[in-house]
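Given next are the chains, with one letter for each unit.
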Amino acid sequence: MPDPGHPHRSRQRPLTAEISSLTDDYLTLTGNHPYAQRPADEALNANLTPAPPPTISSAQWRVLASGLALNRRDRIDTVGEFVQRLARPRWFYRWCG
């Protein structure tokens, strides 16, 4: 199903195709690259983790961090799931973690 905000993207497209976009979002929020301009394999081997941006809630950060995760098993699977989680109300995270 097309994403109305992005007509050329499918909501079920694997999130790996969107990590660079999320990196740009992180750069916009913080002014820094989430992994200090290092390639993903180097950042993974160095156990680098991005710092939470101070301008978003901890619930929003958990969603963004899961989209930026270098380990596939830790990453959200699809853009649709990312958008759905980001749209959840704060109380959801208090009750469901």
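Residues numbered from 1 in each chain as written. Predicted model: local features only at pLDDT ≥ 70, side-chain atom pairs only at ≥ 80, totals over all residues. Heavy atoms only, no water.

Regarding the environment of Pro 50
Counting through the fold element by element, Pro 50 comes out in the loop between helix H2 (40-45) and helix H3 (58-68). Pro 50 sits in the buried class, given a relative accessible area of 13%. Considered as a pair, Pro 50 and Ala 36 are 14 residues apart in the sequence and their alpha carbons are 8.7 Å apart. Among residues more than four places away in sequence, those in contact with Pro 50 are Tyr 26, Pro 34, Tyr 35, Trp 61 and Leu 68. (Helix = DSSP H or I, 4+ residues; strand = E, 2+ residues; numbered from the N terminus. Buried < 20%, exposed > 50% of the residue type's maximum accessible area, 1.4 Å probe, protein only. Contact = heavy atoms within 4.5 Å.)

Notes on the pattern of salt bridges
All told, the structure shown has 3 salt bridges when counted by the stated rule. A salt bridge links Arg 72 to Asp 77, with the shortest nitrogen-to-oxygen separation between them at 3.4 Å. Given the relative accessible area of 37%, Arg 72 is considered partly exposed. Across the pair Glu 81 and Arg 85 runs a salt bridge, and its minimum N-O distance is 2.7 Å. (Salt bridge = Lys/Arg side-chain N within 4 Å of Asp/Glu carboxyl O.)

Thoughts on the nonpolar core
Among the nonpolar cores identified, the biggest contains 10 residues, and these are Leu 22, Tyr 26, Tyr 35, Ala 43, Trp 61, Val 63, Leu 64, Leu 68, Ile 76 and Phe 82. Looking at this core, the elements that each hand over two or more residues are helix H1 (19-30) and H3. Per element, the largest residue contribution to this core is 4 residues, and it comes from H3. (Core = buried A, V, L, I, M, F, W, Y, C linked by side-chain atoms within 4.5 Å.)

Read these as layout, nothing more, since geometry by itself doesn't imply function.
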